[in-house]
Amino acid sequence: MGNASDKLGRKDYQKLLEPLEEELVGMSRWAQASGARIVVLFEGRDTAGKGGAIKALSGQLNPRQCHVVALAAPSEREQGQWYFQRYVPHLPARGEIVLFDRSWYNRAGVERVMGYADEDEVAAFLRHAPVFEKLLVDDGILLFKYWLSCDQEKQEERLAERAQDPLKRWKLSPVDIAAREKYDEYTRAREAMLEATHTAHAPWTLVDFNDQKRGRLTLIRDFLDRLPDTAVAAPELRLLPLPGQPSHEEFGVLEPIPPFPVP
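Residues numbered from 1 in each chain as written. Predicted model: local features only at pLDDT ≥ 70, side-chain atom pairs only at ≥ 80, totals over all residues. Heavy atoms only, no water.

Asks: In this structure, what is going on with the nonpolar core? I would like to understand it.
Replies: Side chains that are nonpolar tend, in soluble globular proteins, to be buried together. One finds Met-27, Ile-38, Leu-57 and Phe-223 to be the most contacted residues of the largest nonpolar core, which totals 33 residues. Elements with a minimum of two residues in this core: α1 (10–34), β1 (38–44), α2 (50–58), β3 (97–101), β4 (142–149) and α9 (212–225). Discounting chain neighbours no more than four positions away, the residues touching Ile-38 are Met-27, Trp-30, Ala-31, Pro-92, Glu-96, Ile-97, Val-98, Leu-142, Phe-144, Phe-223 and Leu-227. Core analysis: the second largest hydrophobic core is formed by 26 residues, Tyr-87, Leu-91, Ala-108 and Trp-204 among them. (Core = buried A, V, L, I, M, F, W, Y, C linked by side-chain atoms within 4.5 Å. Buried < 20%, exposed > 50% of the residue type's maximum accessible area, 1.4 Å probe, protein only. Helix = DSSP H or I, 4+ residues; strand = E, 2+ residues; numbered from the N terminus. Contact = heavy atoms within 4.5 Å.)

Asks: Would you mind going over the environment of Glu-22 with me for this structure?
Replies: Mapping Glu-22 onto the fold places it in helix α1. Residue class for Glu-22 comes out exposed when judged on its relative accessible area of 61%. The spatial distance from the C-alpha of Glu-22 to the C-alpha of Leu-61 is 9.8 Å, given a sequence separation of 39 residues.

Asks: Would you mind showing me how to read the packing of α1 against α9 here?
Replies: Helix-helix packing is described using two parameters, namely the angle between the two axes and the distance between the axes. Between α1 and α9, whose axes approach to 10 Å, the crossing angle comes to 25 degrees. Between α1 and α9, the angle is such that the two are roughly parallel. Remark: the crossing between α1 and α9 carries left-handed chirality. Taken together, the residues of α9 that come into contact with α1 (itself represented by Arg-10, Tyr-13, Leu-16, Leu-17, Leu-20, Glu-23, Leu-24 and Met-27) are Lys-213, Arg-216, Leu-217, Ile-220, Arg-221, Phe-223 and Leu-224. A per-class count over the contact of α1 with α9 returns 10 nonpolar, no polar and five charged. (Axes fitted to C-alpha atoms, helices over the stretch in contact; angles between N-to-C directions. Parallel < 35°, antiparallel > 145°, perpendicular 65-115°, else oblique. Left-handed = near helix turned anticlockwise from the far one by under 90°. Nonpolar A, V, L, I, M, F, W, Y, C, P; charged D, E, K, R; others polar.)

Asks: Looking at this structure, how should I read the side chain of Arg-216?
Replies: In this structure, Arg-216 sits in helix α9. Although Arg-216 is buried, it makes no salt bridge; Asp-211 carries the closest opposite charge, 7.6 Å away. Among residues more than four places away in sequence, those in contact with Arg-216 are Tyr-13, Gly-52, Ala-53, Ala-56 and Phe-209. (Lys, Arg positive; Asp, Glu negative; His and termini not counted. Salt bridge = Lys/Arg side-chain N within 4 Å of Asp/Glu carboxyl O.)

Asks: Is there a simple way to explain helix α6 (residues 152–164) in this structure?
Replies: Turn by turn, an α-helix covers 3.6 residues, leaving residues three or four places apart pointing in a common direction. Between its first and last C-alpha, α6 extends 18 Å over 13 residues, near the 18 Å set by a 1.5 Å rise per residue. Taken together, the buried positions of α6 are occupied by Lys-154, Gln-155, Arg-158, Leu-159 and Arg-162. The arc enclosing the buried residues of α6, seen along the axis, measures out at 135 degrees, which places them on a common side. Opposite the packed face of α6, turned more than 90 degrees from it, sit the exposed residues Glu-153 and Gln-164. Tucked into the core, α6 has its buried residues touching α7 (174–178), α8 (183–197) and α9. (Expected span 1.5 Å × (residues − 1). Arc of directions from axis to C-beta.)

Next up, the structure:
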């Protein structure tokens, strides 16, 4: 899929990302002004880059308006609920944007491949998901579903990097390690999921994330292009001159702690 020689460098990436960030901030103003409710699902291969894509999309947005949802494994009580129930409280209210770092599609992916759900549960999910999503869309939610893909060679490279980097090791779970030999099973599960849930009212979009930087730009550009015209001018702000000289911080009860020592 990807070509190493075409890999996007950090400086070029930042230069290309900045105007997209400005558009995203404008989009958030539009969502607030119009009352739009936006849901974006991020699914895909382990190590594909879901977290980085979510950070790129949400990094400049108001965290009170844009919420990231990354649910842990269901509790014993949640396992006894309607499958979609634990996701419903996280859906957006007017003017909000919700980004799901994995979603209800866990059932069609990791739960199916790793044996956490049986075939009857998976079959029921594949029947019910389009119905659930139709209810969301019919109620006015703007729903985007992205699948992030990467080749197994790239996946192995990233898994090894996580294992060696103490700052990234937390990303490597026993499930990720056990799933290494199930790349083809995940492909088959994905294809079955797409066949059942790629609908006119809630289509899937697949994005190549062999080059994660290019993948983020591709995903954000697609997301913005599929929204209505989101051009809402920023409110005009005037900073009047201070009436006197700027004040210095003064402390009475407590003093700041010593600054970090710089060599």
